[in-house]
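What follows is the residue order along each chain.
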Amino acid sequence: MNLADLLLPTYTQMLGTMAKWLDKAEAARGDEADTLLSARLAPDMFPLSTQLRFACRQAQEAVFRLQGRDFSPELQALLDEARNGGDKPGTLADARARIGETLAVVEAAGRDGFVLDGDAALAHALPNGMVLDVTATVYARDWALPQFYFHVVAAYAILRAQGVELGKADYCAHLLPYLRMPQRD
């Protein structure tokens, strides 16, 4: 399996899933749904608005890195917006727009593919100045996917903790078409 076949469907499925969670939150909370974007699981954790933006950032960052491209100004703006999510959470419409923008980046990557193969060397600079020297496969498997899912799961947990009725079927709805019911005698 190549890295695009691993990452791109995952990003597409889970970004679409997050958008559906926002729809459920809005249906449940109506005009007050935007206040959910300021909710946190713990005082020292980022709010929902940041978790959603970081999930988008992680997906886009992986696409740019594995395409061997420099980050776009929009990607830096998304990072800045995420870091400021506690002070400027935005609206659910803003969150959906970020998800839509990210889906467009992922869709384009599906057409363009990745230039880095799994064995390609990749230097991933961390915000604290440290650098991970890894292969593209190690980056995708051990950084890109776990970081993406961390923020997706945090968003799910925040919404659940705020009373939005989400369950396992909402988390893995993309698997429902593969569900086989037990045979009855």
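Residues numbered from 1 in each chain as written. Predicted model: local features only at pLDDT ≥ 70, side-chain atom pairs only at ≥ 80, totals over all residues. Heavy atoms only, no water.

## Describing the packing of helix 2 (residues 48-66) against helix 3 (residues 73-83)
If you want to describe how two helices pack, look at the angle between their axes and the distance between the axes.
And then number 1: As a packed pair, helix 2 and helix 3 sit with axes 9 Å apart at the nearest point and diverge in direction by 155°. Comparing their axes, helix 3 and helix 2 come out roughly antiparallel. Judged by the twist between their axes, the crossing of helix 2 over helix 3 is left-handed. Across the interface between the two elements, Thr-50, Arg-53, Phe-54, Cys-56, Arg-57, Gln-60, Glu-61 and Phe-64 of helix 2 pack against Leu-75, Gln-76, Leu-78, Leu-79, Glu-81, Ala-82 and Arg-83 of helix 3.
And then number 2: Here the contact of helix 2 with helix 3 is built from residues that sort into 7 nonpolar, 3 polar and 5 charged. (Axes fitted to C-alpha atoms, helices over the stretch in contact; angles between N-to-C directions. Helix = DSSP H or I, 4+ residues; strand = E, 2+ residues; numbered from the N terminus. Parallel < 35°, antiparallel > 145°, perpendicular 65-115°, else oblique. Left-handed = near helix turned anticlockwise from the far one by under 90°. Contact = heavy atoms within 4.5 Å. Nonpolar A, V, L, I, M, F, W, Y, C, P; charged D, E, K, R; others polar.)

## Things to note about the nonpolar core
And then number 1: Membership of the largest hydrophobic core comes to 50 residues, with the highest contact counts inside it found for Tyr-11, Leu-15, Trp-21 and Phe-114.
And then number 2: Among the secondary structure elements, those contributing two or more residues to this core are helix 1 (3-29), helix 2, helix 3, helix 4 (92-112) and helix 5 (136-161).
And then number 3: Residue contributions to this core peak at 12 residues, all from helix 1.
And then number 4: Beyond its immediate stretch of four places on either side in the chain, Leu-15 contacts Cys-56, Ala-59, Ile-99, Thr-102, Leu-103, Val-106 and Phe-148. (Core = buried A, V, L, I, M, F, W, Y, C linked by side-chain atoms within 4.5 Å. Buried < 20%, exposed > 50% of the residue type's maximum accessible area, 1.4 Å probe, protein only.)

## Some remarks on helix 5
And then number 1: Along its 26 residues, helix 5 runs 36 Å from first to last C-alpha, staying within 8% of the 38 Å computed at 1.5 Å per residue.
And then number 2: Ala-144 marks where helix 5 bends most, by close to 25°; the proline Pro-146 follows one to four residues later. (Expected span 1.5 Å × (residues − 1). Bend = angle between axes of the 7 residues up to and from the residue.)

## Section: the side chain of Glu-61
And then number 1: Here Glu-61 shows up in helix 2.
And then number 2: When residues no more than four places from it in sequence are discounted, the contact partners of Glu-61 are Phe-71, Leu-75, His-124, Tyr-139 and Trp-143.

## Comments concerning the pairing of strand 1 (residues 121-125)
One face of the sheet, then the other: side chains in a regular strand alternate in exactly this way.
And then number 1: Only one face of strand 1 is buried, namely the one carrying Leu-122 and His-124, since none of Ala-121, Ala-123 and Ala-125 on the opposite face is buried.
And then number 2: The sheet contact formed by strand 1 and strand 2 (residues 131-135) spans 5 bridges and is antiparallel. Across the sheet, the residue bridging to Ala-121 is Thr-135, located in strand 2.
And then number 3: Taking the residues that link successive antiparallel strands as the turn, the strand 1-strand 2 hairpin has 5 residues, and the phi of Gly-129 there is positive, at about 95°. (Pairing = 2+ DSSP bridges.)

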